[in-house]
Amino acid sequence: PEGCASILWRDAAKAPVAAEALKLIPKDLVKMGVCDRIITEPLGGAHRDPQATADRLGEVVAEELDRLTQDPPEDFLERRIQRYANIGLVLND
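Here the structure is a predicted model, which is why all the values come from computation and not from measurement. (Residues numbered from 1 in each chain as written. Predicted model: local features only at pLDDT ≥ 70, side-chain atom pairs only at ≥ 80, totals over all residues. Heavy atoms only, no water.)

1. Thoughts on the pattern of salt bridges
Note the following rule: Definition used for salt bridges: Asp or Glu carboxyl oxygen within 4 Å of a side-chain nitrogen of Lys or Arg. Note on exposure labels: buried denotes an accessible area under 20% of the residue type's maximum, exposed denotes more than 50%, and partly exposed covers the range between, all computed with a 1.4 Å probe on protein chains only. Helix numbers and strand numbers start at the N terminus; a helix is a DSSP run of H or I with at least 4 residues, a strand a run of E with at least 2.
According to the stated counting rule, one finds seven salt bridges in the structure shown. Between lysine 23 and glutamate 20 there is a salt bridge, and its shortest N-O distance comes to 3.5 Å. Overall, glutamate 20 belongs to the partly exposed group, its relative accessible area being 42%. Where glutamate 64 meets arginine 67, a salt bridge forms, and the shortest distance between an N and an O atom there is 2.6 Å. Taken together, the positions of glutamate 64 and arginine 67, both in helix α4 (residues 50-69) and three residues apart, correspond to about one turn of that helix. Here glutamate 64 falls in the buried class, since its relative accessible area comes to 16%. The class for arginine 67 is partly exposed, based on a relative accessible area of 37%. Salt bridges linked by common partners bring Arg37, Glu63, Glu64 and Arg67 together as one network.

Put into structure tokens, the structure is as follows:
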């Protein structure tokens, strides 16, 4: 965001405005379809409890793989194509 603000407004202090425009917040990334879900961190952040972080990540990956294997490959491929086709699409709130 700082670099973006510096380029657009020649003012790195406008980084919060740039961050909002870039939609870098996890819930925005889910809404736009860039990511599937948000994995919560342990209290204090992932770096404070790497084992809990790894355990949670493993659980989520297993859940997502189970979900993905329930759909026919053709459906998965069509959803993936549509997902990439929508990247860059501007969404209005």
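2. Quick notes on a nonpolar patch on the surface
Worth spelling out the cut-off: Each patch is assembled from residues with relative accessible area greater than 30% and no salt bridge, linking like charges that lie within 9 Å and nonpolar side chains (Val, Leu, Ile, Met, Phe, Trp, Tyr) that lie within 5 Å. For accessible areas, the Shrake-Rupley method is used with a probe of radius 1.4 Å. Any residue's cover is judged against the shown protein chains and nothing else.
Nonpolar side chains collect at one region of the surface, where Ile7, Leu8, Trp9 and Val17 lie side by side and expose about 430 Å² of accessible area between them. For the nonpolar patch, the leading source of residues is helix α1 (residues 2-9), giving three residues. As for its position among the elements, valine 17 is in helix α2 (residues 15-22).

3. Regarding the layout of surface pockets
The following threshold applies: Grid points spaced at 1 Å and placed over the protein atoms alone form the basis of the search, with a cavity being a set where a 1.4 Å probe fits but cannot get out and a pocket an open set showing protein on both sides within 12 Å along at least five of seven lines. Lining residues have an atom within 4 Å of a point. Grid points are joined across faces, edges and corners, and a volume is the space filled by probe spheres set on the points. Classification convention: Asp, Glu, Lys, Arg as charged; Ala, Val, Leu, Ile, Met, Phe, Trp, Tyr, Cys, Pro as nonpolar; all other residues, Gly among them, as polar.
Volume-wise, the second largest pocket comes out at about 160 Å³. Mapped onto the lining of the second largest pocket, the elements with two or more residues apiece are α4 and α5 (73-85). For the lining of the second largest pocket, the element with the highest residue contribution is α5, accounting for four residues. Grouping the amino acids of the lining of the second largest pocket by side-chain chemistry returns two nonpolar, no polar and six charged.

4. Things to note about the environment of lysine 14
Selection rule: Any two residues having at least one pair of non-hydrogen atoms within 4.5 Å are treated as being in contact.
Tracing the backbone through its elements, the reader meets lysine 14 in the loop between α1 and α2. A relative accessible area of 35% means that lysine 14 is categorised as partly exposed. Taking C-alpha positions, lysine 14 is 45 Å from proline 73, a pair spaced 59 residues apart along the chain. Discounting chain neighbours no more than four positions away, the residues touching lysine 14 are Ala5 and Trp9.

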